[in-house]
Amino acid sequence: MDNCPAASTFLTDSLELELETEWCKPPCFSCDFDNRGGGQHFSGESYLSSGALKRLILNLDPLPTNFEEDTVEIFGIQWVTETALVNSSRVLFHLLRQQLYNLETLLQANCDFGKISTLHCKAANIRQQCITFLHYVKVFIFRSLQVQNAESHVPVHPYQTLEAQLPSVLIDELHGLLLYIGHLSELPMINTGAFVNQNQTKLFPPSWHLLHLHLDIHWLVLEILHMLGEKLKQVIYSHQFMNLAGDNLTNVSLFEEHCENLLFDLISLSLNRYDKVRPSEALMSHHCPCPCIKELWVLLIHLLNHRSKWSLSESFWNWLNKLLKTLFEKSNDRRRPSVPVIQPRDPLGFSWWIIAHVASFYQFDRHGIPDEMRQMESNWNFVEELLKKSINVQDGILEEQLRMYLHCCLTLCDFWEPNIAVVTILWEYYSKNLNSSFSISWLPLKGLTYVIKSPLAMLEMVKTCCCDKQDHDLYKSSSSYTIFLCILAKVVKKAMKNNGPHPWKQVKGRIYSKFHQKRMEELTEVGLQNFFSLFLLLACVAEVEDVASHVLGLLKFLKPAFITSPLIWKGQMAFLLMYTQKNLDISVLAEIFSGAFREKAKEFLVSKNDEMGQRQTVWSLLSIYIDGVQEVFETSHCLHPSHEKLLNDGFSMLLRACQESELRTVLSFLQAVLARIRSMHQQLCQELQRENVDLIVQSSLSAKERHLAAVASALWRHFFSFLKSQRMSQIVPLSQLADAAADFTLLAMDLPSTAPSDLQPQPVTSMIQLFGWDDIVWPQVVARYLSHFLQNSMLCEALSHSGCVSFQALTIRSWIRCILQMYIKNLYVPDDSFVDLNTEQAVEKDYMEQLAELTRLLFKLSEVKNILSKAQVEYLPIQEGPKKALVLFLEAVGITYGNLPTLSDKSAMVTKSLEYLGEILKYIKPYLGKKISSAGLQLTYMMMGTLVKSWAQIFATSKAQKLLFRIIDCLLLPHTVLQQEKELPAPMLIAIQKSLPLYLQGMCIVCCQSQNPNAYLTQLLGNVIEQYIGRFLPASPHVLGLGQHPVLLALRNSATVPPMSSLKKCIVQVIRKSYFEFKGSLLPPRLASILAFILQLVKETNIDDSEVELLLPGVLKCLVLVSEPQVKRLATENLQYMVKACQVGSGGEPAAQLTSVFRKFIEDYGMRYDYQIYSILETVAALDQQVVIHLISTLTQSLKSSERKWGLGRNIAQRSLLKRFLKRWSPFS
């Protein structure tokens, strides 16, 4: 039977056994059962699960449903059930031995897979016959054996005579049987594995059957001997054998002798396994080769303990102790040399190991079901002797052995009732060896080092020691001293639970008595660590205040060198943490510890420039305090006035002396404490808002709020002034500065009255002004700070209702600054600000992510959403980076302004837009310094160009024009640009080239839409064009890409025709003024390139007559005065395109402007350049004959004037040219 039914707990033992007829199957040892789930410990056929042990102890029929027939088959022969054992006992036992011999002969057969089935069947059959016979003996004794009256003189039947002799015969035969089978340890090597056939049936070799049959015989012999004693109630003497002392063998002596031999056998089997066990795996390696051996141990425990209760026989522990003691004797001193017990290599370790494992068997009840709540009989007397042997200094103590011994002892403490003597014995040893590290050289400790790193780790180690369930890997993870602490904790906790405070007083007296001034002076660093571990554990399991007070007194006895040891600070902080976790008043400890912290902080400030060694020593103490106080705040359920003591002016001194790495630690502490205070405040608010809060609770909550406010004020007082002073420095890590400032801002929102007076009356707004809207703060700080601020909906809502109506505009301004200054490394040291990087320069990844987050949050502001909505622009945060988002926003502002219907709305929008920009030129000024950042310049010029173009209508207003003038002067017409002899830096030229179209288009729109026509703005536009037409002209007109000239791009990419016509006109005027007003041989530079530029301009735009009138004279001048072929070719092409343009513009009629230009050209150059003029006119005539016809009179007049001027009569050459020209083109020829 696998499990005991629930109903059985309500039945008597006899009734239960009658109901469960399945239990009456002949039981046997078997490990052939499925235990993969771990729930079944023994086979259903076992003596435990079948109820056989229970029947034996209750003196019930062993097999109620068996051997009921008149005859019984035993060893293949039919016998009379009620007389067979009396009449043929010796024959039956002889047949039993013969079957045993047959089974032993099967061991010689080759056990391969082909023969295993046959061998298994034969061996199983033999075993079944033998078991059946021994069970028959048990049943016969219970049912048929009669108690004979020895004093009766009445003649008896011969059968009765034989029956009277049967008990003695059984003693003889059982003794002989035991001699025949020998010891379990003498069996050959046993293979406990099995073959599995195709039907998934397990097939065992003969050796397996032989072992289990021997186990059956050994146990059944004990059962038979016990039943004989119970049945006859008298001593039964053997007729044939005497014991070793010369006395007659009896049933009692045979039982004891066999029990002793059997226990020796089990010990021997365990010894064989122990030799292969590592000390580190002792408790995980079991001593039983198979579950049947384990079952035999459990059977012996129950049977021997049962007999000890009702007779003078010894209990199981006494039996085992007696045998284990012989292991410590030398082999020639043993009283039983015939017992084949192996000499153990470590009798002490083996004794611990087997007792720890055997003790666990007490949890099994008579059915083999584990019951952890079952009271287990202890064996403390023998264990105390083992402990004394284990710590005997004379024998030499090895840490690797002691760990295993104490691990076993800890396991026994878990099983048995508490025993103070165990603690006393161990303390005697460890009190003398506190300075030992208890380490194993070849095995590093996992969890514990000689000096634990932190107070919290010390406390966690102690809590681990106090746990009810310990790690199975305790050997590797803990020293023997730590295991001793586990034993101490377990014993004291159990003893106090059972007997109140008296056991604690006993232990306290023993431990306290070992510490005095001399002992404390002897402690080393390791000893001090062990000292704190001990007292922290005592505080954890008993009286915290008493232990802590005693420790503070003992620490005064330490050597002066130890007073400032980090370990002292860690230990004291560990006690402070324990007070906090137990919700006790920490005022005394806080006063002492915070005073020491203040002194060390002052020393740290003074030693700021001293050698690093001393500074590092002091910092190690300060960091212990900081980490510990943070843990105190994080684990406190509520704050008390004593918590404020932990935050004194030592922090003010410490912050001024810290370097960057140290500041990170302090600021992390500050953020943790601020977060904890805010969390507590929120909980208080929730509790205060509950309904039906009585006056007592309300008063308590109000007191808690006052305590919170006091701690918050201390934080403002000792931390905030330093943070405020570091807004422009590089000492403080920028991310932590922003985080801490954001936390203070949220604290100001929760507890505004605690903020300092200089932030009142609106501390939240003042904080945001300091860290979010101030232009002198690092952009990295601003971006991170504003992200925190915008994430908090309560904070945004509070600002909206606080009267700070412009907080969104100010936030947008800061966002714009953060993007524009993303490439600035140092705002305050211009000469070292930049490294010349490519446009693909990567900004710090963290900052870009922060900007992206800030952008995402900013576009959720109502003001931004309103602008995008009016402009009908959609923002996609996944696709848009911060730079693209800024462009999108600037364009949306421009579109929104253009769509406004009324002047008042537009005026308000201009004001708001300028508020968005703030001092924008100051933001970009660092990029224009001596050191160059390519990426920064490109960002600046592109964003400002986008601004000029998108906001052109805004800049057309008088309010905004001043900013536009400053932008143009600063970016496009700086002083360096006006110095023609100086070359602009290449990165700047590249940036201007990419963005110049935006500026030109924007300025042109402003010129067209300006409320008051501004000659200065028009002049600025001309100056810009004049400066950059030439700068971006290629050295040779053959160079490809002339079409990418930014001035041409400004015209080409424009969608608004009227403003761009004025831009084109301005470009034409600049070209005429700058390139075509040359005289004589003094030609302008790159004349061919400017002609190529004009040609591209004429090709791409619809040039009108007025523009031709401005450009054509210069082109004609080039044709006349310049002999360079390239210039002539380009000038000719320009002439042709211009004539065609005028022809298209005049609708086929002669263009008056074109005629006028040529007439003026003939008048100016006709006398000296007659051949060139007629060549040019030939070109023109080929395109537009009408123009030439209109010029005939001018040509004639020019010839006459030339002849008159020279006074030489007719000029035959010129007349010939004119005649030939007229003959070809004149309609009258």
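Above: the structure in question.
Once a new chain begins, its residue numbering starts again from 1 and follows that chain's sequence as written. Side-chain atom pairs in this predicted model are given and counted only at pLDDT of 80 or more, local residue features only at pLDDT of at least 70, and totals for whole chains, interfaces and linings cover all residues. Here the side-chain values reflect all heavy atoms present in the structure, with hydrogen atoms and water set aside.

Asks: What should I look at first to understand the nonpolar core in this one?
Replies: Looking at soluble globular proteins, one finds that nonpolar side chains tend to be buried together. Membership of the largest hydrophobic core comes to 422 residues, with the highest contact counts inside it found for W297, F535 and F1158. The element contributing the most residues to this core is helix α7 (residues 206-232), with 15 residues. Those residues in contact with F1158 that sit more than four places away from it in its chain are L1112, L1116, L1135, V1139, I1176, L1177, V1180, V1187 and L1191. Think of a nonpolar core as a cluster: buried Ala, Val, Leu, Ile, Met, Phe, Trp, Tyr and Cys residues, connected wherever their side-chain atoms sit within 4.5 Å. Partly exposed residues are those whose accessible area sits between 20% and 50% of the maximum for their type, while under 20% is buried and over 50% is exposed, using a 1.4 Å probe and protein chains only. Runs of H or I in DSSP of at least four residues are treated as helices and runs of E of at least two as strands, each being numbered from the N terminus. What makes two residues a contact is simply this: any of their non-hydrogen atoms within 4.5 Å.

Asks: How should the packing of aromatic side chains be read in this particular structure?
Replies: Centre-to-centre distance and the angle between the planes together describe a pair of aromatic rings. Stacked, edge-to-face and tilted labels apply to pairs of Phe, Tyr and Trp rings (six-membered ring for Trp) whose centres lie within 6.5 Å, assigned for plane angles under 30 degrees, over 60, and everything in between, in that order. Tallied over the entire structure, the rule returns 52 aromatic pairs. Among the aromatic side chains, those forming a connected cluster through ring pairs are W427, Y429, Y430, F438, Y481, F484, Y512, F515, F531, F532 and F535. Lysine NZ or arginine CZ positioned within 6 Å of the ring centre and within 35 degrees of the ring normal marks a charge as sitting over the ring. Across from the ring centre of W319, 4.3 Å away, lies the NZ or CZ of K322, which sits over that ring. Between K389 and the ring centre of F328, over which it is positioned, the NZ or CZ distance is 5.2 Å.

Asks: Is there a simple way to explain the environment of Q470 in this structure?
Replies: For Q470, the location among the structural elements is in the loop between α15 (455-465) and α16 (474-477). Excluding residues that lie within four positions of it along the chain, Q470 makes contacts with L410, T464, C465 and C486.

Asks: Can you help me understand the packing of helix α25 (residues 612-635) against helix α28 (residues 660-689) in this one?
Replies: Working note: a packed helix pair is described by the angle between its axes plus the distance between those axes. Their axes nearest at 9 Å, the elements α25 and α28 cross at an angle of 15 degrees. Here α25 lies roughly parallel to α28, going by the angle between them. Crossing of α25 over α28 shows left-handed handedness. Each of R615, W619, I626, D627, V629, Q630, F633 and E634 in α25 lies in contact with α28, whose residues at this interface are E662, T665, V666, S668, F669, A672, V673, R676 and M680. Each axis is a line fitted through C-alpha atoms, taken for helices only over the stretch in contact, and angles between the N-to-C directions span 0 to 180 degrees. Throughout, the term roughly parallel applies to angles under 35 degrees, roughly antiparallel to angles over 145, roughly perpendicular to angles from 65 to 115, and oblique to all others. Note on convention: the crossing is left-handed when the near helix lies turned anticlockwise from the far helix by less than a right angle, right-handed when the turn is clockwise.

Asks: When you look at helix α9 (residues 291-310) in this model, what are you seeing that I'm missing?
Replies: Two residues of an α-helix separated by three or four positions point the same way, owing to the 3.6 residues in each turn. Counted at 1.5 Å a residue, the expected span for α9 with its 20 residues is 28 Å, and the 29 Å between its end C-alpha atoms agrees. The buried fraction of α9 amounts to 16 of the 20 residues, a majority that puts the element mostly inside the structure. Given the number of residues in a helix, its expected span is that number minus one, multiplied by 1.5 Å.

Asks: Help me understand a nonpolar patch on the surface, please; the structure alone is not making it clear to me.
Replies: Taken together, V235, Y237 and V252 make up a surface patch of nonpolar side chains, about 250 Å² in accessible area. If you trace the backbone, V235 turns up in the loop between α7 and β5 (237-242). Judged by relative accessible area, which is 41%, V235 ranks as partly exposed. Patches were defined on residues exceeding 30% relative accessible area and lacking a salt bridge, with like-charge contacts within 9 Å and nonpolar side-chain contacts (Val, Leu, Ile, Met, Phe, Trp, Tyr) within 5 Å. Per-residue and other accessible areas follow the Shrake-Rupley method at a 1.4 Å probe size, with only the shown protein chains counted as cover for residues. Think of a salt bridge as a Lys or Arg side-chain nitrogen and an Asp or Glu carboxyl oxygen that are within 4 Å of each other.

Asks: Sorry if this is basic, but what is going on with the pattern of salt bridges here?
Replies: Oppositely charged side chains are able to pair whenever their charged atoms sit close together. One pass over the structure, following the stated rule, counts 35 salt bridges. Its salt-bridge partner being R143, residue D61 comes within 3.0 Å of it at the nearest N-O pair. Of the two residues, D61 is situated in the loop between α2 (52-58) and β1 (71-74) and R143 in helix α5 (residues 116-143); the sequence distance between them amounts to 82 residues. Between K724 and D758 there is a salt bridge, with its nearest N and O atoms 3.1 Å apart. Taken together, the positions of K724 in helix α29 (residues 695-725) and D758 in the loop between α30 (734-750) and α31 (763-773) put the pair 34 residues apart, joining distant regions of the chain. With a relative accessible area of 30%, K724 lands in the partly exposed category. On the basis of relative accessible area, D758 is assigned to the partly exposed category, the value being 48%. Linked through salt bridges whose partners overlap, the residues forming this network are D61, E68 and R143.

Asks: Looking at this model, I keep getting lost on helix α23 (residues 566-581). Mind explaining?
Replies: Between its first and last C-alpha, α23 extends 22 Å over 16 residues, near the 22 Å set by a 1.5 Å rise per residue. Within α23, 14 of the 16 residues are buried, which leaves it mostly tucked inside the rest of the structure. Phi turns positive, to about 60 degrees, at N583, one or two residues after α23.

Asks: For this particular structure, what's the right way to read the pairing of strand β2 (residues 77-80)?
Replies: For β1 and β2, the ladder comprises 4 bridges, and the chain directions are antiparallel. Within β2, the position partnered with V72 by the bridge is W79. Paired strands are those between which DSSP finds at least two bridges. Here β1 folds back onto β2 in antiparallel fashion, the turn holding 2 residues, of which F75 has a positive phi close to 55 degrees.

Asks: Sorry, what's going on with the packing of α7 against helix α8 (residues 251-274) here?
Replies: The geometry of α7 relative to α8 is characterised by a closest axis approach of 10 Å and an angle of 155 degrees between their N-to-C directions. Between α7 and α8, the crossing angle belongs to the class labelled roughly antiparallel. The element α7 and its partner α8 pack so that their crossing is left-handed. Between α7 and α8, the residues in contact are H218, V221, L222, L225, H226 and G229 and N251, L254, F255, H258, C259 and L262, respectively. Partitioning the contact of α7 with α8 into residue classes produces 7 nonpolar, 5 polar and no charged. Ten residue types, Ala, Val, Leu, Ile, Met, Phe, Trp, Tyr, Cys and Pro, are classed as nonpolar, four, Asp, Glu, Lys and Arg, as charged, and the remainder, Gly among them, as polar.

The values reported here are purely geometric and, on their own, carry no functional implication.
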